[in-house]
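# Remarks on the overall topology
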Amino acid sequence: MTPDERIDRIRSDHWIAFDRAAIVLNRLTSLMEMPQQSRMLGLMVYGSSGIGKTMIAKRMASKYPTQYNAELGATKTPILLVQAPPAPDERRFYQHILATIGAPMWGRHTVSELEVRALGHLRDMDLRMLMIDEVHNLLAGSYREQRRFLNMLRFLANDLCASLVVFGVNEALEAVRGDDQLARRLDEHYLPLWEDDVEFSRLIQTLIAAMALEQRSGLTLASLRTILKLTGGITSRVFIMIKSLAIDAIKTGEERITDEAVQAWQPVWTKHAWNIPRQPVATFG
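Residues numbered from 1 in each chain as written. Predicted model: local features only at pLDDT ≥ 70, side-chain atom pairs only at ≥ 80, totals over all residues. Heavy atoms only, no water.

The name an unreviewed UniProt entry assigns to the protein is Transposition protein TniB, from the organism Seohaeicola zhoushanensis.

Following this line, the structure appears as structure tokens:
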């Protein structure tokens, strides 16, 4: 593999496994393996923006891809991942579901009509898990609108006998807890900011190993603390920094991430500042 090909791979959107994400994925897999019943358990994954929620959601969805049964002429989708609308709007949410599964409804329709159409398709797809990303968007609505939206989510999970999984920032937690029935069904999994501990050290080691550099990068404790300080313990920024350092190591022929490179690195948190033609890292929630 040429240096340019290696750099392209580093910049590409591909899964890099680490312990914290694996724990959440194991919990989600356990929900998928539960027998279907009228009141399925669910999960709320929450934490600061950029901590890795969307990355985990996309990884989980990719483990259970849509499959087409030619003999039955039916498409089965075990998991559906959709993003919550910018505000708690039932109409837009049902429209988003229909568009995501490739069954949009054109023209003007009532919320009830959209609901019936969406539920019909989701039942035919044999849905087992409905994942809602950016659920904190419901905070943009009034208290009443939030309650209606949460009631709708609970209704969908009940009607489909599917596990409901929502992802959001810390502030969304209290809003979800405001619906007692939904809160009792959704367990909670908090993703904290990274700290100066063994877990963070393992994360850095895992990321550097995934860069497939030709030389071993033996970073000191001081460098690990510098990485933590520069990134604020935010997963997406940690990924950006390690990927940037790895690309520089390939370009310079160093083939390892050095303490000097870590100390000299300047944070640039937008893809435009990187001056590269494509998104260098995965999208995180």
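There's more to say after this.
Once that is clear, we can look at the packing of aromatic side chains. Counted by the stated rule, this structure contains six aromatic pairs. With a centroid separation of 5.4 Å and an interplanar angle of 75 degrees, the aromatic rings of F93 and F149 are classed as edge-to-face. A residue pair is termed long-range when its members are at least 10 positions apart, and F93 in helix α4 (residues 90–100) and F149 in helix α6 (residues 143–160) qualify at 56 residues. Residue F149 is classed as buried on the basis of its relative accessible area, which comes to 2%. Each member of the aromatic cluster is reached from another via a ring pair, and the members are F18, W194, F200 and F239. The residue whose ring lies beneath R20 is W194, and the NZ or CZ to ring-centre distance is 3.6 Å. (Phe/Tyr/Trp six-rings, centres within 6.5 Å; stacked < 30°, edge-to-face > 60°. Helix = DSSP H or I, 4+ residues; strand = E, 2+ residues; numbered from the N terminus. Buried < 20%, exposed > 50% of the residue type's maximum accessible area, 1.4 Å probe, protein only. Lys NZ or Arg CZ within 6 Å of the ring centre and 35° of its normal.)

Once that is clear, we can look at the nonpolar core. Counting 50 residues, the largest nonpolar core has L28, M131, I204, I242 and I257 as its most contacted members. Here this core gets nine residues from one element, more than from any other, and that element is helix α11 (residues 235–252). Contact partners of M131, with chain neighbours within four places excluded, come to A57, M60, A61, I79, L80, L81, V82, V165 and F167. By size, the runner-up hydrophobic cluster in this structure holds 37 residues, among which are M44, L138, A162 and A175. (Core = buried A, V, L, I, M, F, W, Y, C linked by side-chain atoms within 4.5 Å. Contact = heavy atoms within 4.5 Å.)

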